[in-house]
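# Structural overview for review
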Amino acid sequence: MPFETSPTYIFDLHCDTLDRLALHEAFPDAGFAAQDAAIPDNRMASLADNDCHIALGRMAKARYAWCQCFAAFVPDHMPADWGWQVFCAVRDYFQGQLRQHSTLIEQVLDARGIREIVENGKCAGMFTIEGASFLDGSLDRLREAADAGVKMLTLTWNGKNAIASGNQTTDGLSKFGARVVHAMEQRRIVVDVSHLNDRSFWDVVRESSRPFAASHSNARSVCGHPRNLTDDMFRALVDRGGIAGFNFCREFVREDGTDPTRDDVLFHIDHFLKLGGEHAIALGSDYDGCDVPSWLAPAERVGELHVLFAKEFGREIADAICFENAAAFFERNEEL
């Protein structure tokens, strides 16, 4: 139902909730078994009600006008066929949850419809991919992913696959990877450079022609982790009309990995603003994929960021970071 009073608008470019739930029993080797071992199975079954960071029911009660990018995470170490099975399992789970909880969530198939979905009180669920190890020499699976409504794809995780190299490896974008980037742009799937190493990042800049995203990456000048963006990387992203989602992961906010304060978050945002990122900064929480600041868990507390940004930078900047920049980016992607 439409909101009776003005809600807080939130657009989050990345979380691992969908794959954490979908793979709980089907593919424990995908990476979530250890952290979820003590959680009863019945609390890891539903996107609407669970013990994860994000649950549709809790977010609805918190009254957010909310667009969430739900990633299908495919680890680099998986052979292509196994990785494709993982993607298909997450895709099928997502479709089942969409049908089961249609009063709470609607899939984003055209980003120009996001505002209408969220204003009607539903989560606008955008399907994305983190890690494309299931692509190995053929573009057929990329086409199937596009047909499933995938709107953004992170090329690698931390390692190397047939496309490119992540931040723990040293190679760059492969020839096949260049074909993948071109094919993604033709299908209006946003190229996501988060997790790439520096060499692969700049290869993508050279090979791509459309605005791209760093869905969940912070400022390396503030926290020197290689998962974060250098100033030159962020400037390149801004110049291309791209978007960068602030990652809540403690290790990417503070170099010592301790529980970040509100000031720690502001240091990153302020730095990006000084680099000209007023229209390029968004949220990329990484909920359910990492340890986040204690004051931002679970996800229904995300509105505290809007309050923080409004106090420090003004309401217009807060609105832009928390929703407007990402919404406008994906709307433009449908039209360019």
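Right, let's walk through the structure included here. Computed from a predicted structure; not experimentally measured.

### Let's talk about unusual backbone geometry
A cis amide bond links Ala297 to the next residue, Pro298, at an omega of -5°. Inspection of the secondary structure puts Pro298 in the loop between strand S9 (281–283) and helix H12 (303–313). Even without a glycine there, the phi angle at Arg63 is positive, about 60°. Position of Arg63 among the secondary structure elements: in the loop between helix H3 (56–61) and strand S2 (64–73). With phi around 65°, Asp286 is a residue other than glycine that occupies positive phi space. By the element assignment, Asp286 lies in the loop between S9 and H12. Looking at Asp286, the relative accessible area reads 7%, which means it is buried.

### Details of helix H8 (residues 198–207)
Listed as buried for H8 are Ser200, Phe201, Asp203, Val204 and Val205. For H8, the secondary structure elements touched by its buried residues are strand S6 (190–192) and helix H9 (231–239).

### Remarks on the pattern of salt bridges
According to the stated counting rule, one finds 24 salt bridges in the structure shown. Notably, a salt bridge pairs Arg20 with Asp288, separated by 2.5 Å at the nearest N-O pair. Linking Arg20 in helix H1 (residues 17–22) with Asp288 in the loop between S9 and H12, this pair joins segments that are 268 residues apart in sequence. The shortest N-O distance in the salt bridge between Arg262 and Glu304 comes to 2.8 Å.

### Some thoughts on the nonpolar core
Phe87, Leu155, Leu305 and Phe309 are the most contacted members of the largest nonpolar core, which totals 94 residues. With eight residues, the top contributor of residues to this core is helix H4 (residues 80–100). Look past the residues within four positions of Phe87 in its chain and what remains in contact with it is Ala72, Val74, Phe127, Ile129, Phe134, Ala145 and Val150. Core analysis: the next-biggest nonpolar cluster, separate from the first, contains 22 residues, Ala111, Ala124, Ala282 and Phe330 among them.

### Let's talk about empty space enclosed by the protein
Following the criterion strictly, the structure yields two cavities of 30 Å³ or more and no others. Looking at the largest cavity, the residues that line it are Val193, Ser194, His195, Leu196, Asn197, Phe201, Ser217, Pro226, Arg227, Asn228, Leu229 and Met233. Taken together, the residues of the lining of the largest cavity break down into six nonpolar, five polar and one charged. Computed from the structure, the second largest cavity encloses a volume of approximately 40 Å³. What lines the second largest cavity is simply Ile10, Asp12, Met59, Trp66, Gln68, Ser285, Tyr287, Ala299 and Val302.

### A word on the environment of Arg199
Along the chain, Arg199 falls in helix H8. Spatially, the C-alpha atoms of Arg199 and Met59 are 39 Å apart, while their sequence positions differ by 140 residues. Residue contacts for Arg199: discarding those within four places in its chain leaves Thr170, Asp171 and Gly172.

What counts and what doesn't
Residues numbered from 1 in each chain as written. Predicted model: local features only at pLDDT ≥ 70, side-chain atom pairs only at ≥ 80, totals over all residues. Heavy atoms only, no water. Helix = DSSP H or I, 4+ residues; strand = E, 2+ residues; numbered from the N terminus. Buried < 20%, exposed > 50% of the residue type's maximum accessible area, 1.4 Å probe, protein only. Contact = heavy atoms within 4.5 Å. Salt bridge = Lys/Arg side-chain N within 4 Å of Asp/Glu carboxyl O. Core = buried A, V, L, I, M, F, W, Y, C linked by side-chain atoms within 4.5 Å. 1 Å grid on protein atoms, 1.4 Å probe; cavity = no way out; pocket = protein on both sides within 12 Å on 5 of 7 lines; lining within 4 Å. Points joined across faces, edges and corners; volume = space filled by probe spheres on them. Nonpolar A, V, L, I, M, F, W, Y, C, P; charged D, E, K, R; others polar.

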